[in-house]
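Overview (structure and organization)
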Amino acid sequence: AMKFRRIAITGPKGQLGSALCELLGPGALPVDRSILPLDEPASIGPALEMLRPDAIINCGAYVAVDKAEQESEL
């Protein structure tokens, strides 16, 4: 069985992400948009190379529903 020591959690300030960070304790690696901007695909690879997590749980989301309709590409 693989042992996960560092699990990157995107969206760590949201409801799901913060709950996972709390549950995982020191095993959680909170990764907010200043470190890993999910809306900039070219930045994802370099950020993950720097962080080197054992696993990633993506809790990042665009939650401004009304604005999302106006910014559908984002």
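Residues numbered from 1 in each chain as written. Predicted model: local features only at pLDDT ≥ 70, side-chain atom pairs only at ≥ 80, totals over all residues. Heavy atoms only, no water.

1. Side note on the environment of R52
Which entries qualify depends on this criterion: Runs of H or I in DSSP of at least four residues are treated as helices and runs of E of at least two as strands, each being numbered from the N terminus. When accessible area is computed with a 1.4 Å probe and restricted to protein chains, residues below 20% of their type maximum are described as buried, those above 50% as exposed, and intermediate ones as partly exposed.
By secondary structure assignment, the location of R52 is in the loop between α2 (41-51) and β3 (55-58). Judged by its relative accessible area of 58%, R52 falls in the exposed class. The spacing of R52 and K13 is 39 residues in sequence and 21 Å in space, taken between C-alpha atoms.

2. Topic: the pairing of strand β1 (residues 7-10)
Inclusion rule: For crossovers, right-handed means that the path from the first strand over the helix to the second runs clockwise, given strands pointing away from the viewer. When DSSP finds two or more bridges between two strands, those strands count as paired.
Here β1 shows no split at all, with I7 and I9 on one side and A8 and T10 on the other all buried. Tracing the backbone out of β1, into helix α1 (residues 15-24) and back to the parallel element strand β2 (residues 28-31) gives a crossover that is right-handed. Note that β1 and β3 share four bridges and pair parallel. Across the sheet, I9 pairs through a bridge with I57, a residue of β3.

3. Focus on the pattern of salt bridges
The following threshold applies: Here a salt bridge means any side-chain nitrogen of Lys or Arg lying within 4 Å of a carboxyl oxygen belonging to Asp or Glu.
Using the criterion set out here, one finds two salt bridges in the structure. A salt bridge links K13 to D32; the nearest nitrogen and oxygen atoms lie 3.5 Å apart. Of this pair, K13 sits in the loop between β1 and α1 while D32 sits in the loop between β2 and α2, placing them 19 residues apart in sequence. Accessibility expressed as a relative area gives 71% for K13, which makes it exposed.

4. Concerning the side chain of S43
Basically, it comes down to this: For the purposes of these results, a polar contact is taken to be a pair of N or O atoms within 3.5 Å, where, inside protein, one atom must be able to donate a hydrogen and its partner to accept one; residues adjacent in sequence count only when each atom of the pair is a side-chain atom. Contact definition: two residues touch when any of their heavy atoms are within 4.5 Å.
When you line up the elements, S43 lands in helix α2. Within the structure, the side chain of S43 is placed 2.7 Å from the backbone oxygen of E40, a separation counted as a polar contact. In contact with S43, not counting residues within four places along its chain, are L36 and P37.

5. Concerning the side chain of T10
Its location among the elements puts T10 in strand β1. According to the relative accessible area criterion, T10 is buried, its value standing at 4%. Within the structure, the side chain of T10 is placed 3.2 Å from the backbone nitrogen of G60, a separation counted as a polar contact. When sequence neighbours within four positions are dropped, the list of residues in contact with T10 reads V31, L36, L38, I57, N58, C59 and G60.

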